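# Structural description and commentary
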Amino acid sequence: TESYTRARHYSLPISRAEREDFLRFQLRELDEAALAPKEDEQLRVERERLRDGEQLHAAARKGEQALYARQGAIVGELGGLVRTLEEAGRVDAVLAKLATQVDEARISLEDAADSLRRYADRTHADPERLRDVDERLHLIGKLLRKHGPDLGAVLARQQAMADELSALGEHELRRSDAEARLQA
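Computed from a predicted structure; not experimentally measured. (Residues numbered from 1 in each chain as written. Predicted model: local features only at pLDDT ≥ 70, side-chain atom pairs only at ≥ 80, totals over all residues. Heavy atoms only, no water.)

### Observations concerning the overall build of the protein chain
Counting secondary structure elements, the protein chain contains eight helices and zero strands. Traced from its N-terminal end to its C-terminal end, the protein chain shows the element sequence α-α-α-α-α-α-α-α. Each of the three principal axes of the protein chain carries a C-alpha extent, and together these read 110 × 40 × 25 Å. In the protein chain, of all internal contacts separated by at least 6 residues, the share reaching a separation of at least 24 is 77%. (Helix = DSSP H or I, 4+ residues; strand = E, 2+ residues; numbered from the N terminus. Contact = heavy atoms within 4.5 Å.)

### Digging into the nonpolar core
Formed by 18 residues in total, the largest nonpolar core has its most connected members in Leu 30, Leu 35 and Ile 140. Of all the elements in the fold, those that place two or more residues in this core are α2 (16-33), α3 (39-51), α7 (127-147) and α8 (151-183). Considering each element in turn, this core owes the most residues, six residues, to α7. Look past the residues within four positions of Ile 140 in its chain and what remains in contact with it is Leu 35, Glu 39, Asp 40, Leu 43 and Leu 151. (Core = buried A, V, L, I, M, F, W, Y, C linked by side-chain atoms within 4.5 Å. Buried < 20%, exposed > 50% of the residue type's maximum accessible area, 1.4 Å probe, protein only.)

### Observations regarding the packing of α2 against α7
For the pair α2 and α7, interaxial distance at closest approach is 11 Å and the crossing angle is 150°. In terms of orientation, α2 and α7 fall into the roughly antiparallel class. Remark: the crossing between α2 and α7 carries left-handed chirality. Facing α2, whose interface residues are Phe 25, Gln 26, Glu 29, Leu 30 and Ala 33, α7 presents Arg 136, Leu 139, Lys 142, Leu 143, Lys 146 and His 147. (Axes fitted to C-alpha atoms, helices over the stretch in contact; angles between N-to-C directions. Parallel < 35°, antiparallel > 145°, perpendicular 65-115°, else oblique. Left-handed = near helix turned anticlockwise from the far one by under 90°.)

### Quick notes on the layout of surface pockets
Its volume calculated, the largest pocket comes out at about 150 Å³. Here the element with the most residues in the lining of the largest pocket is α3; it accounts for three residues. Its residues placed into classes, the lining of the largest pocket shows two nonpolar, three polar and four charged. (1 Å grid on protein atoms, 1.4 Å probe; cavity = no way out; pocket = protein on both sides within 12 Å on 5 of 7 lines; lining within 4 Å. Points joined across faces, edges and corners; volume = space filled by probe spheres on them. Nonpolar A, V, L, I, M, F, W, Y, C, P; charged D, E, K, R; others polar.)

Given below as structure tokens:
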């Protein structure tokens, strides 16, 4: 009957050429994707940063302003305190030692303010990059659904398919050589 014929058709083994075509198609899709190990994890982190870009930028600028850039900034106040303690430290060595500690803290806070400024300079909203990251994550999700539970499994499957395709080609080459020898 028709259902028996259809069931039998689907259970027939595919030919070597069909398998090679299937593998080439699958490999082309994966090769074009040019996946990297743990790329999806890195892109998810980047996506969150991009989504919150304005908030991250504002927080870094606020920190830089408080520490260094605004009138009455903490680093400036500490610099004045260091001078006062150094002066008093001429009379009492304990205050001279404390002036050194406060100055070390001031230097550390200057470094932090500089790091916050650099962070704020490179952090901003970038809707175009966010769109690119979202598209890439969509492609990766599609490939994960099709080929494996995680990128490691997808990359392993890609290598296994490449190895199988190579083996099929070598088999065909050996078969052709054997036929040529038989005809000679």
